[in-house]
Amino acid sequence: MADPKLVLIGAGNLPEQRMRLACEALAEHWPALLRHHACGEDPDVVLSAPSGTEFSLLRLAGDAGLDLAHRRSWLEALGDWRMPTLLMAAPGEDGAMPGCVPAYAALCTALRVPLVGLVQIGGLWLPDRRRRDGLPWCGEVVRSDPDQNAVLVRRLRQRLQRLVP
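Residues numbered from 1 in each chain as written. Predicted model: local features only at pLDDT ≥ 70, side-chain atom pairs only at ≥ 80, totals over all residues. Heavy atoms only, no water.

Colleague: Describe the overall build of the chain, naming the residues involved and giving the relevant values.
Modeller: Scanning the chain from N- to C-terminus turns up 6 helices and 6 strands. Moving toward the C terminus, one meets the helices and strands of the chain in the order β-α-β-α-β-α-β-α-β-α-β-α. Taking 2.2 N^0.38 as the reference for a compact globule, 165 residues should give roughly 15 Å; the C-alpha atoms of the chain span a radius of gyration of 15 Å, in line with that estimate. Over its C-alpha atoms, taken along the principal directions, the chain stretches across nearly 40 × 35 × 30 Å. Among the 165 residues that make up the chain, the fraction classed as buried is 48%. As presented, the chain carries roughly 8200 Å² of accessible surface, and 53% of it is formed by carbon and sulfur atoms. Looking at charge distribution, the chain has the averaged site of its 19 positive side-chain charges lying 5 Å from that of its 19 negative ones. (Helix = DSSP H or I, 4+ residues; strand = E, 2+ residues; numbered from the N terminus. Rg over C-alpha atoms; globule rule 2.2 N^0.38 Å. Buried < 20%, exposed > 50% of the residue type's maximum accessible area, 1.4 Å probe, protein only. Areas by Shrake-Rupley, 256 points an atom, 1.4 Å probe, with all protein chains shown as cover. Lys, Arg positive; Asp, Glu negative; His and termini not counted. Charge placed at Lys NZ, Arg CZ, Asp CG, Glu CD.)

Below is the structure:
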């Protein structure tokens, strides 16, 4: 079975360059092209378009939970389309996660978005704190360590296979 599509979204206001670099580091070990789309695009148009392969990574730039007056948010569409989604999160300088991270995870649950898990990008990785917060952490993307990123990608693919029949 080929891997399904995986959507990569940021929790909160992540710097564009940081998010892009983290997604590219994951894509180096993923058997598909990384596609970039903005949250201002219509999710139904993007999600219904053939990707050219049976699987792909789709990175959303911007706020996937943004309530748009003329249509539903990307998170609502991801839930309706049942698209496996990975939440990317950046800690503060002390390694603490901002409150928007568990809020995004809760919103994904409320909207029935198939949340594969969360990945930390940058900052200090504190495994004890990550375990205590009760969120489904998969690990961290480390731009300077391709071997660690490969392990993370294998873990993500195993989680995806359990999610998608």
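Colleague: Describe the pairing of strand β6 (residues 137–141), and please don't skip the residues or the numbers.
Modeller: Counting buried positions along β6 gives 5 out of 5 residues, so the element sits mostly inside the fold. In terms of strand pairing, strand β5 (residues 115–121) meets β6 through 4 bridges, oriented parallel. For isoleucine 121, the partnering residue across the bridge sits in β6 and is valine 141. Each parallel crossover has a hand, and the one from β5 via helix α5 (residues 127–132) to β6 is right-handed. (Pairing = 2+ DSSP bridges. Right-handed = clockwise from strand over helix to strand, strands pointing away.)

Colleague: Explain the packing of aromatic side chains to me, and be specific about the residues and the numbers.
Modeller: How two aromatic rings sit relative to each other is set out by the distance from centre to centre and by the angle between their planes. Throughout the structure, instances matching the rule amount to 1 aromatic pair. A ring pair is formed by tryptophan 125 and tryptophan 137, whose centres lie 6.2 Å apart and whose planes are at 80°; its orientation type is edge-to-face. Placement of tryptophan 125 in the loop between β5 and α5 and of tryptophan 137 in strand β6 is noted, with a sequence separation of 12 residues between them. Of note, arginine 130 hangs over the ring of tryptophan 137, and the distance from its end group to the ring centre comes to 5.5 Å. In this structure, arginine 157 packs its charged tip against the face of tryptophan 30, placed 6.0 Å from the ring centre. (Phe/Tyr/Trp six-rings, centres within 6.5 Å; stacked < 30°, edge-to-face > 60°. Lys NZ or Arg CZ within 6 Å of the ring centre and 35° of its normal.)

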